[in-house]
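# Examination of the molecular architecture
What follows is the residue order along each chain.
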Amino acid sequence: MSQNRYNFLQEFMIGVVLLFCSIFIVKSLGFTMIDDGWRHWAMASNPDEIVSWGRVFHNSLFTDYDPWFMWHQLLGMCGELFGDNNIYWIVNSLSYFLLSLWYYIALTKLSNINKALIIFMAIFLPLLSTRYLNLRPEALSGFFVLYTLLFSSSIAIFVLSVIYAPFYYVYWFFMGYVGYVKLITKEYKAMLLIGVALILGTAFHLYYDADGFIHILKLVLSNDELRGTFSVGESYPTLFPLAIVNKFGSSTVLIVLILVSLLIYALFKPQNQFLKYTILFLPLMLIQKRFYYILEPILLAWIVTFAYKLYFDVLDGNINQVILKIKTFLDERTLFGNIGVKAYHGIFIFFIAIIFLSSYIANKQTSEYVAKEFKYLDFIESEEFQGKKIFLPNMSYDMQLMLYKNPSGSYFPSCALGWVDFDEEFRKKNLNLLMAKDISTEDFFHIIKMTDSDFIIITPNAQNKNINLDNANLEENDYIFYKIINGYVIFKKINS
């Protein structure tokens, strides 16, 4: 057998092992979607009932345009092939595999780590980035960034860019940033081809629905204004106060962060490829948590390579005197010195295994909790809630689970936090409610009447503790206490 054929078979078998482990781990975890993934699953499984986000999330700025239409088509196709109930684990297994494969290729190509350790790390490192297992289309943005950093072929990068562009409505942002990175790393041909793919992607979106695309583009570009001064979860900066973004604006802060990263890049001239990309993508990692979550694998890959080198530097005594003294102490004054270098390897592997096991257990516990809540919400499927308007005074995964279980209903608040199509005063009251600020009973019912909700459901994990409801206030505003089911307190509109 030729060496090339042997290498191909070896790599193919490693890929099979990674795929098998991905499926096993994802299946064993269960539900890993803790928020928006449920509504994407709901849309893919029930497009005729949901119809549009504007119908489901009434009084929001969503229209008939679906910004994730291609993603939902992909999920729907998966449902047709494997069954709607299997969408989540099929897609998440594929996502886990793609992330696992990226770690394997990246560490093999850009490091000198032992092959067996690379396979081990590739299998378990994705457990630290379960954001990729949430059925959210932003995972595609993550894969686009990760794989464009690996490809040496400009044509391959172009093809990947063309495939990616139709699937995510802010494709232009990630493609533009990757193009900027290619410029800094002097990969000019790749940068130009990404630019061509961006133009083609824009033409596709405008052809599909120009009005809808321009509408969502305006919302994205006016995000600071729409958000006001409030924190919107994953849009929160990673390491600095939101007040800085509120004062100077997202664009200004991002530009400053880019300049700082360029200064660091120029001063230190990093040789490690993962460190190089970590520095260049640092502005995105810092500006919003949502970006950090999908770019985290780059940082983790650098930490792994750094730790691996540091580990052998410690063993070989190739670092400063402080570390050397620590090693001497271990060798000469403790039992560790008597058990040899292999023992150090074992301890190192054991330490890594503990990290991965802890991550797996944490994800498993979250999955079990979501599965329990999923079961508790069986009541929302009953006939009396079908086609009704349901108000929840907090924005959490409960709403996403409800939408999946009862896609015929419509819900408030919308997933676009505070982007309600009412006056500024109403929007402020709504945000005060959702962000657990003080809100009067009068304002609370004012919001409910504006949404014309049939039911008010106070969830067990309701975050706003400032709402006081009594029978007098309820009846005065045409609502009555209805019942409590599994910790969900339900109020019903009179004559609804």
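Residues numbered from 1 in each chain as written. Predicted model: local features only at pLDDT ≥ 70, side-chain atom pairs only at ≥ 80, totals over all residues. Heavy atoms only, no water.

## Some thoughts on the overall build of the chain
In terms of helices and strands, the chain carries 22 helices and five strands. Restricting to contacts in the chain with at least 6 residues of sequence separation, those with at least 24 account for 71%. Here the chain displays about 23,700 Å² of accessible surface, and carbon together with sulfur accounts for 63% of that area. (Helix = DSSP H or I, 4+ residues; strand = E, 2+ residues; numbered from the N terminus. Contact = heavy atoms within 4.5 Å. Areas by Shrake-Rupley, 256 points an atom, 1.4 Å probe, with all protein chains shown as cover.)

## Let's talk about helix α2 (residues 37–45)
For α2, a buried count of nine out of nine residues is recorded, marking the element as mostly surrounded by other parts of the structure. Turning to α2, its buried residues are Gly37, Trp38, Arg39, His40, Trp41, Ala42, Met43, Ala44 and Ser45. (Buried < 20%, exposed > 50% of the residue type's maximum accessible area, 1.4 Å probe, protein only.)

## Things to note about the packing of aromatic side chains
According to the stated counting rule, one finds 44 aromatic pairs in the structure shown. For the ring pair tryptophan 102 and phenylalanine 274, a centre distance of 6.4 Å and an interplane angle of 65 degrees mean the geometry is edge-to-face. Residue tryptophan 102 is located in helix α6 (residues 87–110), and its partner phenylalanine 274 is located in helix α15 (residues 273–287); the two are separated by 172 residues in the primary sequence. As far as burial versus exposure is concerned, tryptophan 102 and phenylalanine 274 are alike and both buried. Taking the ring centre of tryptophan 89 as reference, the NZ or CZ of lysine 27 above it sits at 4.5 Å. (Phe/Tyr/Trp six-rings, centres within 6.5 Å; stacked < 30°, edge-to-face > 60°. Lys NZ or Arg CZ within 6 Å of the ring centre and 35° of its normal.)

## Concerning helix α21 (residues 441–451)
Taken together, the buried positions of α21 are Phe444, Phe445, Ile447, Ile448 and Thr451. Projected down its long axis, α21 carries its buried residues within an arc of 150 degrees, all on one side. Just downstream of α21, aspartate 452 is the residue with a positive phi angle, here 55 degrees. (Arc of directions from axis to C-beta.)

## Topic: empty space enclosed by the protein
Across all of its chains, the model carries three cavities of 30 Å³ or more by this definition. Approximately 60 Å³ is the volume attributed to the largest cavity. Lining the largest cavity, in full, are Asn223, Asp224, Arg227, Ser235, Leu242, Val245, Ser250, Ile287 and Gln288. Mapped by element, the contributors of at least two residues to the lining of the largest cavity are α12 (223–227) and α13 (242–248). Among the elements that make up the lining of the largest cavity, the one with the highest residue count is α12 (three residues). Residues belonging to the lining of the largest cavity are distributed by class as follows: three nonpolar, four polar and two charged. (1 Å grid on protein atoms, 1.4 Å probe; cavity = no way out; pocket = protein on both sides within 12 Å on 5 of 7 lines; lining within 4 Å. Points joined across faces, edges and corners; volume = space filled by probe spheres on them. Nonpolar A, V, L, I, M, F, W, Y, C, P; charged D, E, K, R; others polar.)

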